[in-house]
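# Structural overview for review
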Amino acid sequence: MRALWALVFLAACGRGEDVGGLFEVYRDTNAPISSKAIFDAESYAGTWYEVARYPVPFEAGCVGVTAEYALREDGTLSVLNICRNPDGSEKSRIAGSAEIVGPGRLKVKFANIPFAADYWVLWTDETYRTAVVGAPNGRSGWILNRTPDIPPDRLKAARGILEFNGYDLDRLVEVPQ
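The following paragraphs examine the structure supplied in this document. (Residues numbered from 1 in each chain as written. Predicted model: local features only at pLDDT ≥ 70, side-chain atom pairs only at ≥ 80, totals over all residues. Heavy atoms only, no water.)

### A look at the overall build of the chain
Summing up its helical and strand segments, the chain has 3 helices and 9 strands in all. The helix and strand sequence of the chain, counted from the amino end, reads α-α-β-β-β-β-β-β-β-β-α-β. The buried share of the chain, reckoned over its 177 residues, is 44%. For the chain, long-range pairs separated by at least 24 residues make up 54% of all intrachain contacts whose partners lie at least 6 apart in sequence. Accessible surface, the chain as shown: approximately 9,400 Å² in total, 56% of it carbon and sulfur. (Helix = DSSP H or I, 4+ residues; strand = E, 2+ residues; numbered from the N terminus. Buried < 20%, exposed > 50% of the residue type's maximum accessible area, 1.4 Å probe, protein only. Contact = heavy atoms within 4.5 Å. Areas by Shrake-Rupley, 256 points an atom, 1.4 Å probe, with all protein chains shown as cover.)

### A short note on the packing of aromatic side chains
By the definition in use, this model includes 7 aromatic pairs. Pairing Phe39 with Tyr44 gives two aromatic rings, centres 5.4 Å apart and planes at 55 degrees, and the pair type is tilted. Across this residue pair, the class does not change: Phe39 and Tyr44 are buried. Across from the ring centre of Trp120, 3.7 Å away, lies the NZ or CZ of Arg105, which sits over that ring. One cation-aromatic arrangement involves Arg146 over Trp48; the distance from NZ or CZ to the ring centre is 3.7 Å. (Phe/Tyr/Trp six-rings, centres within 6.5 Å; stacked < 30°, edge-to-face > 60°. Lys NZ or Arg CZ within 6 Å of the ring centre and 35° of its normal.)

### Comments concerning the nonpolar core
Of all hydrophobic cores here, the largest spans 20 residues; its most connected members are Phe39, Tyr44, Tyr69, Leu106, Tyr119 and Leu144. When residues of this core are traced back to their parent elements, those giving at least two are helix H2 (41-44), strand S2 (63-71), strand S3 (77-84), strand S5 (105-110), strand S6 (116-124), strand S7 (130-134) and strand S8 (141-145). For this core, the leading source of residues is S5, giving 3 residues. Formed by 16 residues, the second largest nonpolar core is a distinct cluster that contains Trp120, Leu122, Ile150 and Leu162. (Core = buried A, V, L, I, M, F, W, Y, C linked by side-chain atoms within 4.5 Å.)

### Let's talk about unusual backbone geometry
For residues other than glycine, phi is negative in most cases, and the peptide bonds are mostly trans. Positive phi is not limited to glycine here, since Asn112 has a value of about 65 degrees. Residue placement: Asn112 occurs in the loop between S5 and S6.

### Some remarks on the pairing of S2
As judged from the 4 bridges shared by strand S1 (residues 46-53) and S2, these two strands associate in the antiparallel manner. Each residue of the ladder has a partner; that of Trp48, found in S2, is Ala67. (Pairing = 2+ DSSP bridges.)

### Brief notes about the pattern of salt bridges
In this structure the tally under the stated criterion is 6 salt bridges. Among the salt bridges present, the one from Arg171 reaches Glu24, with a minimum N-O distance of 2.9 Å. You can see Arg171 sitting in the loop between helix H3 (152-164) and strand S9 (173-174) and its partner Glu24 sitting in the loop between helix H1 (2-12) and H2, a full 147 residues away along the chain. One salt bridge connects Glu50 with Arg53, and the closest N-O pair in it is separated by 2.5 Å. Here Glu50 and Arg53 have matching classes, each one buried. One network of salt bridges, in which partners are shared, links Glu50, Arg53 and Glu59. (Salt bridge = Lys/Arg side-chain N within 4 Å of Asp/Glu carboxyl O.)

### Focus on the state of the cysteines
Scanning all chains against the criterion turns up 1 disulfide. Disulfide pairing is shown between Cys62 and Cys83; the S-S distance is 1.9 Å. The sign of the -100 degrees torsion about the S-S bond sets the Cys62-Cys83 disulfide as left-handed. A residue pair is termed long-range when its members are at least 10 positions apart, and Cys62 in the loop between S1 and S2 and Cys83 in strand S3 qualify at 21 residues. (Disulfide = S-S within 2.5 Å.)

### Details of the pairing of S7
Among the 5 residues in S7, 5 count as buried, and that is most of the element. Taking every second residue as pointing to the same face, both faces of S7 are buried, with Thr130, Val132 and Gly134 on one and Ala131 and Val133 on the other. Note: S6 against S7, 4 bridges, orientation antiparallel. For Trp123, the partnering residue across the bridge sits in S7 and is Val132. Between S6 and S7, which pair antiparallel in sequence order, lie 5 residues; one of them, Tyr128, sits at a positive phi of approximately 55 degrees. Here S7 runs beside S8; their pairing, made up of 5 bridges, is antiparallel. Bridging across to S8, Gly134 finds its partner in Gly141. Linking two consecutive strands that pair antiparallel, namely S7 and S8, is a turn of 6 residues; a positive phi of about 75 degrees is found at Gly138 within it.

Here it is, written out as structure tokens:
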């Protein structure tokens, strides 16, 4: 456990960028939040590019972030997150699994992390090209897209979903791909 806290501390001491605090909250937790009522894990599986996020210590200095999901026979999803340096080289990766605990509601567990996190898919467009993900506690949120470049109309829709769910859009940062 001490190693985890040391890692979080070092990440938070990043390069002067807003890396967020371990317990930073980016949404009004009094506002209602809802996950995608009709969630298709098979359609969600595949590679996603992180185009925007709320600052979190574990992604300090990360660009070109991708998340890869694969549906397993037991109905869970494997998860692989890769963070890159500005030169495109791999900075870090972490693998885990996600259990579907409700419509659009995942419980994500990563190797060597002693807890699982709530990861709610708040919205996807009809064909799962863009997704908005958040947490009920408001400590994280992402806009994901199937390609590194997101069309302006889908970015606007994704930002609207975050705002509708109580997120502060002023703290959302774009992620260079």
